[in-house]
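# Chain and residue survey
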Amino acid sequence: MPLPLVFIGIAAATGATGIGSSVKAGVDQMHAKKLNLNSEERIEKAASRLDVLRKQCGESLESLGAEKFAVLGGSLKDFVDTFSQLKNVDLSDSVGIQELEKFHIDKQASVEIGELGNFVATLTTGIATGVTGGALAAFGAYSAVATFATASTGTAIGTLSGAAATNATLAFFGGGSLASGGLGMAGGTMVLGGLVAGPALLVMGLIASNKAGKSLENALASAEEADVVCNQLENASFQCMSIRRRTYMFYSLLARLDSFLLPLVFDMKDIIKKEGVDYSQYSAESKKIVARAASVAVTIKNVIDTPILSENGELVEESADSYNKFLPSVDKE
Amino acid sequence: MLYEKKNAIAVFYYLIAVDGNVTDSEMETFDCVGKELDPDFFEQYQSEIAERYRNQMQTLIDVEDFYDVIAEGVDRELANVLDENTETEGICSRLLLWNLLVVAFGDDTYSPEERRLIKHIVRSQGIGKDIFLEMEQLMKANIAVTHELETMERSEKPYTEIRPIIEELESRREVIIKSATALIEDELYVPVNKVEIPKNKALEDTKAAVGKVADTVSPIASNIGNQTKKILGNIRSKKNNV
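Rules of the game
Residues numbered from 1 in each chain as written. Chains lettered and ligands numbered in written order. Predicted model: local features only at pLDDT ≥ 70, side-chain atom pairs only at ≥ 80, totals over all residues. Heavy atoms only, no water. Helix = DSSP H or I, 4+ residues; strand = E, 2+ residues; numbered from the N terminus. Areas by Shrake-Rupley, 256 points an atom, 1.4 Å probe, with all protein chains shown as cover. Core = buried A, V, L, I, M, F, W, Y, C linked by side-chain atoms within 4.5 Å. Buried < 20%, exposed > 50% of the residue type's maximum accessible area, 1.4 Å probe, protein only. Contact = heavy atoms within 4.5 Å. pLDDT = per-residue confidence, 0-100. Salt bridge = Lys/Arg side-chain N within 4 Å of Asp/Glu carboxyl O.

### Some thoughts on the overall build of chain A
When you go through chain A residue by residue, the secondary structure sums to ten helices and zero strands. Helices and strands appear in chain A in the N-to-C order α-α-α-α-α-α-α-α-α-α. As displayed, chain A offers around 14500 Å² of accessible surface, 59% of which is attributable to carbon and sulfur atoms.

Listed below in structure tokens is the structure:
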């Protein structure tokens, strides 16, 4: 009975081909599902990381802004008030003035201290008016000189918060989460060099299409798109991290400088009580204290004036050079 | 890098000894850090760490080797790294670094030997130079603010005058710690890896083999079918003829 066997053989071969195809289709679908899920997870994690860093970045800028206000309205104002009482001041005759070179004190010191007085005066008006988080962030991010130059033209300092709010970068730092469409606050404008808004839109589209996608080919294509999006999100995260780190470095530098200035200002007040206001009659030690306080004050002003972000929200690389320029003098204190 | 808590805490012990002078405040800081990092077990192995240190010091040939023997002890402690994918308990390299700085500044003196040992750890454990310098500056700022705070608290000035300053200084310390924490957390972020779809070789091979069989069998089967039809047709026609 050979014939039935032949037919069974034919049926088996044909059937096996069918099973092979359907098994492969099943495996493909499983892989597609796995790949889509993975793409979704990769994007979600990268996006949530960016969101965390964005918030940290905003907090750091706000802290630096608040720190600048606190220093200017605190020890620096105290210094200017105390220093302005002195008469016949000639910092160049202070014993040990060479030591103060590290604090960038030179012939221009008196001029700079004069500017410092105007600077502080402008600021204290601002403090009295009150500032919002947005303005503090702006103050942390940008050159204080630019900020206060605007303020000194007659613009009420309180309006700074409104100006800051329209800034795409600050909107980004202060905006809602990616998932809740917080990037809408940036209005699709260039944010952090344009790295964020585009990928964010892609993220949403990609996740939606991934959920519906079943074919392995589509899943592979989506995974490649996810590579690009994740890469962009990671780049934006890196930028936020870099800004946060630089901002906190300036914060800690300012905190250290202020810790030098405040006791010196207290010493200056004691000197005035004991030796009066005529600097020319001061002891060598007292002159040294005044000169040292003046040099720290000028350095603080220079630190405050150093912009960390450019107008389009990018990290100003030169701020690292400025930081490194200030650091050795502070370390030697 | 992820280290066992006991190993990391042992490194702090070497650090407080490296300048040849262990002060009470350094020991106090060491105890505090140990209890904070491993509250459940630190006291159980605290004496074992001291014993390990003493054993390591037995290898000292003469006093010139002191730093080298300390560094070798540290290297031995940090040689066992945990698998970051499977272990959840452990101390990451940046947390180790931050606590090294906490211990080094514990007695208010950051000696050149302490700095040298920390730099050795930074290099040997692949911690970024930028991270080290940044953390070092944060710690210096923390110490400066803490001293300022202590001075203010001891001040004879009216409380109403110094209260806002104290509040400001406390807030500064919080910001500095927050900054260090963020730097440590950066290390702990692990992105989701992209899955690679494996090519199922067995399935592909079977499919190809089955395809070949089908290609071979189908013409034969077709031929046999035709032959069968022919035979059956002949049988039917013969029957009809009969």
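What follows continues from the structure just given.
### Focus on the nonpolar core
Among soluble globular proteins, nonpolar side chains are generally buried collectively. By size, the foremost hydrophobic cluster in this structure holds 123 residues, and its most contacted members are Phe-79, Leu-261 and Ile-300 of chain A together with Phe-12, Leu-96, Leu-117 and Ile-118 of chain B. Leu-261 of chain A has contacts with Ser-75, Leu-76, Phe-79, Ala-293, Val-296, Ala-297 and Ile-300 of chain A, leaving out every residue within four places of it along the chain. With five residues, the next largest nonpolar core counts Ala-32, Leu-35, Leu-216 and Ala-223 of chain A among its residues.

### Remarks on the side chain of Gln-125 of chain B
All names here are of chain B. Along the chain, the position of Gln-125 falls in the loop between helix 6 (112-124) and helix 7 (129-154). Assessed through its relative accessible area of 10%, Gln-125 is described here as buried. Ignoring anything within four residues of it in the chain, the contact list for Gln-125 reads Met-1, Tyr-3 and Leu-78.

### Describing the confidence of the model for chain B
With 80% of its residues at a pLDDT of at least 70, chain B reaches an overall mean of 83. Put simply, helix 9 (residues 201-241) of chain B is where chain B has its lowest mean pLDDT, 59, and helix 6 of chain B is where it has its highest, 94.

### Re the environment of Arg-163 of chain B
Positionally, Arg-163 of chain B belongs in helix 8 (residues 159-188). As a C-alpha pair, Arg-163 of chain B and Met-152 of chain B span eleven residues in sequence and 8.8 Å in three-dimensional space.

### A look at the pattern of salt bridges
Residue and element names in this part refer to chain B. Applying the stated criterion across every chain, the model contains 18 salt bridges over all chains. Here Glu-48 ties to Arg-52 by a salt bridge, and the two come within 3.1 Å at their closest N and O atoms. One end of the pair, Glu-48, and the other, Arg-52, are both in helix 3 (residues 42-57), four residues apart, so they sit about a helical turn from each other. On the accessibility criterion, Glu-48 (34% relative accessible area) is partly exposed. A residue is classified by how much of its surface remains accessible, and Arg-52, at 24% relative accessible area, is partly exposed. Here Glu-168 ties to Arg-172 by a salt bridge, and the two come within 3.1 Å at their closest N and O atoms. With Glu-168 and Arg-172 both in helix 8, this residue pair falls four residues apart, about one helical turn.

### Things to note about the environment of Leu-37 of chain B
Residues and elements named next belong to chain B. Turning to its location among the elements, Leu-37 is positioned in helix 2 (residues 24-37). As for Leu-37 and Ala-8, which are separated by 29 residues in sequence, their C-alpha atoms are 9.5 Å apart. With near-sequence residues (within four places) excluded, Leu-37 lies in contact with Lys-5, Ile-9, Phe-12, Ile-91, Leu-95 and Asn-99.

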